[in-house]
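Here is what each chain is made of, one letter per residue.
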Amino acid sequence: MIEAKDVNKYFGDHHVLKNITCSFEKGKTNLIIGQSGSGKTVLMKCLVGLYEVDKGTIFYNDRNFSQMNFEQRKSLRQEIGMLFQGGALFDYMSVEENVMFPLSMFTRQTNDEKKARVNFVLERVNLENVNHLMPSELSGGMRKRVAIARAISMQPKYLFCDEPNSGLDPQTAGVIDKLIKEITVEYDITTIVNTHDMNSVLSIGDTVAFIFNGELWWRGNKDTILHTSNKELNEFVFGTELTSRLKQ
Amino acid sequence: MNLKVISHTGDYVLLMLKVFTRPQKGKIFWQRLMDEIQGLGIESIGIVAFISAFMGAVVAIQTAYNIDNPFIPLTMVGWTTRQSVILEFSPTIISLILAGKVGSRIASEIGTMRVTEQIDALEIMGVNSANYLIFPKVVASLLINPVLIILSMWMGILGGWLAMVASSLASTTDYVNGIRIDFQVYIVFYAIVKTLFFAFIISTVSGFYGYETRGGALEVGQASTKAVVVSSIIIILFNLILTQLLLT
């Protein structure tokens, strides 16, 4: 479980996150939703330590992340996997080298053991015979799947996904959502997904946190989100032509 | 303007404190070092050899044409070419050319990794990204640049000789005797010391501008340009300082 308590973040005079208190549960896909610029990516980057919070604390299973030193954070980060918006695969490495990188960096496994693990996680994300391809040779969906494979190669306890469906067609986006959900349940990990894709919300949103202007505006799940009376959330949820027609 | 320079210098020093730490995994550092020696050094051999040979030829021809006093022996052509090439042309001009070729490569490579979140991905894994990315480039530059500069010296002097043979402005005997007049090993030492300083400047300044890139493709281009301009200015300044310190 990950908990954010009274988290505040400023960029200069701009108050980006305002007193966010929120918990993200183990074995569930916890979604953070909100409009572009609402602060959801900043919140995720604060949770993983890419940004330092200006006020407030973050706990990983009662371990105070905000008070950890560099070495303690380094150790904790080996329990974290993250899927970035564009995949963030290393351009100069093949698929196999990308997935193997964390294993080479942090384990003492033999080459055969590492290769076996790479093949296992690639199979898990339904990718085969792509080991020697370079990231530039992959489609958007394949890049995301390789990034997921890299993120789970170290058997993380926490998985963060920043806009996993951005730039993907609805079908491929559905495949990625399904994969994230399956991995969360299978490995019993705490998964946090940043998204503004309502398809994702309705298919995998075990818990949903709606961020509006840097504040935690609403909390619920995929079943309650369509029946809320919260004005700002309704505008967000039914903001597209498709969803507004469906509502009518 | 001054505040900006002080701020940049502070950021540079802080980054270098992160860069100059023990690599997390020796084997991976070694692989990276070999790749960098190939990318930054071996791939520069052609351009260094080409420019050096032609510049040596030009220096020799200009010297030969300007000797119109019969009391000045033609051995001066070889002597002047040797002194120009070893003292100034190879260590300084070739370093400036490498600042353009290698510096822009380093800044754009690291800058692209920054804007595509590859550096964030390294940080999330618990990797000291500054050390992982910049340190092998610095070590590779310190190892390979002196080799390139010595090659440049050879090619410059060889180019001068070929020009003399082709133009018949001086005989091989005069040219070779000129090269051997009053040769002091110290001038080669002086050139190598300068080269090491310049290699350090090129790799760290370019690494700094790449690492500090924020934004997108436009900012990567700007970082690359800044890296080359700033490296070149610092090289010119240090050239004066080192010449004063080492030759007076």
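Above this text is the structure in question.
Residues numbered from 1 in each chain as written. Chains lettered and ligands numbered in written order. Predicted model: local features only at pLDDT ≥ 70, side-chain atom pairs only at ≥ 80, totals over all residues.

S.K.: In this structure, what is going on with the overall build of chain B? I would like to understand it.
M.R.: The helix and strand tally for chain B stands at nine helices and zero strands. With respect to the three principal axes, the spread of C-alpha positions in chain B is 70 × 40 × 30 Å. The buried share among the 248 residues of chain B stands at 44%. Here the contacts in chain B between residues at least 6 apart in sequence split such that 87% fall between residues at least 24 apart. (Helix = DSSP H or I, 4+ residues; strand = E, 2+ residues; numbered from the N terminus. Buried ≥ 20, exposed ≤ 12 C-beta atoms within 10 Å, placed from the backbone. Contact = placed C-beta atoms within 7 Å.)

S.K.: Could you clarify how one ought to interpret the overall build of chain A in this entry?
M.R.: Helix and strand counts for chain A stand at nine helices and ten strands. The C-alpha atoms of chain A give 18 Å as radius of gyration, which agrees with the globular expectation for 248 residues (18 Å, within 12%). Principal-axis analysis of the C-alpha atoms places the extent of chain A at approximately 55 × 45 × 30 Å. Within chain A, buried positions represent 41% of all 248 residues. (Rg over C-alpha atoms; globule rule 2.2 N^0.38 Å.)

S.K.: I would appreciate a short explanation of the sheet that holds strand β8 (residues 190–195) of chain A in the present structure.
M.R.: One key point about sheets: their strands pair by backbone hydrogen bonds, in either a parallel or an antiparallel sense. All names here are of chain A. As summarised here, the arrangement of the six strands in space is β6-β7-β8-β3-β9-β10, forming an open sheet in which the pairing is mixed. Only two strands of the sheet have a single partner each, and these edge strands are β6 (80–83) and β10 (215–220). Sheet twist, expressed as the mean angle between neighbouring strand axes with direction ignored, is 20°. Relative to β8, strand β3 (residues 29–33) runs parallel, the two being bridged by five bridges. Within β8, the position partnered with L31 by the bridge is V193. Sheet strands touched by helix α1 (residues 40–48): β3, β6, β7 (158–162), β8 and β9 (207–212). Its angle to β8, the strand with the most contacts, is close to 150°. (Pairing = 2+ DSSP bridges. Axes fitted to C-alpha atoms, helices over the stretch in contact; angles between N-to-C directions.)

S.K.: Explain the packing of helix α6 (residues 129–167) of chain B against helix α7 (residues 172–180) of chain B to me, please; I cannot follow it from the model alone.
M.R.: In a pair of packed helices, the angle between the axes and the distance between the axes together describe the arrangement. Residues and elements named next belong to chain B. At a minimum axis distance of 9 Å, the contact between α6 and α7 shows a crossing angle of 155°. Judged by the angle between their axes, α6 and α7 are roughly antiparallel. Between α6 and α7 lies a crossing whose hand is right-handed. Contacts between α6 and α7 involve I157, W161, M164 and V165 from the former and T172, Y175 and I179 from the latter. A per-class count over the contact of α6 with α7 returns six nonpolar, one polar and no charged. (Parallel < 35°, antiparallel > 145°, perpendicular 65-115°, else oblique. Left-handed = near helix turned anticlockwise from the far one by under 90°. Nonpolar A, V, L, I, M, F, W, Y, C, P; charged D, E, K, R; others polar.)

S.K.: When you look at the interface of chain B and chain A in this model, what are you seeing that I'm missing?
M.R.: One frequent convention defines the size of an interface as the accessible area lost when the parts assemble. Of the residues lining the interface, 13 residues belong to chain B; the matching set on chain A comes to 15 residues. Split by residue class, the side of chain B that touches chain A holds five nonpolar, four polar and four charged.

S.K.: Looking at this structure, I do not really get the sheet that holds strand β1 (residues 2–11) of chain A. What am I missing?
M.R.: Residue and element names in this part refer to chain A. Taken in spatial order, the four strands make up an open sheet running β2-β1-β4-β5, and their pairing is antiparallel. Only two strands of the sheet have a single partner each, and these edge strands are β2 (14–24) and β5 (63–64). Here two bridges tie strand β4 (residues 55–60) to β5, and the two strands are oriented antiparallel to one another. Bridge assignment links F59 to a residue of β5, and that residue is N64.

S.K.: Would you explain the packing of helix α4 (residues 75–115) of chain B against helix α9 (residues 217–247) of chain B in this entry?
M.R.: Residues and elements named next belong to chain B. Between α4 and α9, whose axes approach to 8 Å, the crossing angle comes to 150°. Where α4 crosses over α9, the two elements pack in a sense that is right-handed. Where α4 approaches α9, its residues T92, S95, L96, A99, G100, G103, S104, A107, S108, G111, T112 and V115 are matched on the opposing element by E219, V220, A223, S224, A227, V228, S231, S232, I235 and N239. For the contact of α4 with α9, a count of residues per class yields nine nonpolar, twelve polar and one charged.

S.K.: Can you help me understand helix α6 (residues 170–187) of chain A in this one?
M.R.: Note on helix geometry: an α-helix contains 3.6 residues per turn, so any two residues three or four positions apart are oriented the same way. Residues and elements named next belong to chain A. The end-to-end C-alpha separation of α6 is 26 Å, in line with the 26 Å expected for 18 residues at 1.5 Å each. Turning to α6, its buried residues number three or more, namely A173, I176, D177, L179, I180, I183 and T184. Within α6, the buried residues cover an arc of 160° as seen down the axis, which keeps them to one side. Residues of α6 that are exposed and point over 90 degrees away from its buried face: P170, Q171, K178 and E186. Lining the buried residues of α6 we find β3, α5 (140–152), β7, β8 and α7 (198–204). (Expected span 1.5 Å × (residues − 1). Arc of directions from axis to C-beta.)

S.K.: Looking at this model, I keep getting lost on the nonpolar core. Mind explaining?
M.R.: Side chains that are nonpolar tend, in soluble globular proteins, to be buried together. One finds L43(A), L47(A), M82(A), A149(A) and F160(A) to be the most contacted residues of the largest nonpolar core, which totals 128 residues. Looking at this core, the element that brings in the most residues is α6(B), giving 16 residues. In contact with F160(A), other than residues within four places in its own chain, are M44(A), V48(A), I80(A), M82(A) and I192(A). (Core = buried A, V, L, I, M, F, W, Y, C linked by C-beta atoms within 7 Å.)

S.K.: Teacher, can you tell me more about the pairing of β10(A) here?
M.R.: Along any regular strand the residues' side chains alternate between the sheet's two faces. All names here are of chain A. Where β9 and β10 come together, five bridges link them in antiparallel fashion. Pairing of V208 across the sheet is with G220, part of β10. Connecting β9 to the next strand, β10, in antiparallel fashion are two residues, including N213 with a positive phi near 50°.

S.K.: When you look at the environment of I181(B) in this model, what are you seeing that I'm missing?
M.R.: In this structure, I181(B) sits in the loop between α7 and α8 (185–211). Using a count of 13 C-beta atoms within 10 Å as the deciding quantity, one classes I181(B) as partly exposed.

S.K.: What's the story with the environment of F24(A) in this structure? I'm lost.
M.R.: Residue and element names in this part refer to chain A. Tracing the backbone through its elements, the reader meets F24 in strand β2. Spatially, the C-alpha atoms of F24 and D6 are 14 Å apart, while their sequence positions differ by 18 residues. Those residues in contact with F24 that sit more than four places away from it in its chain are M1, I2, N30, T190 and I192.

Bear in mind that shape data such as this cannot, by itself, settle questions of function.
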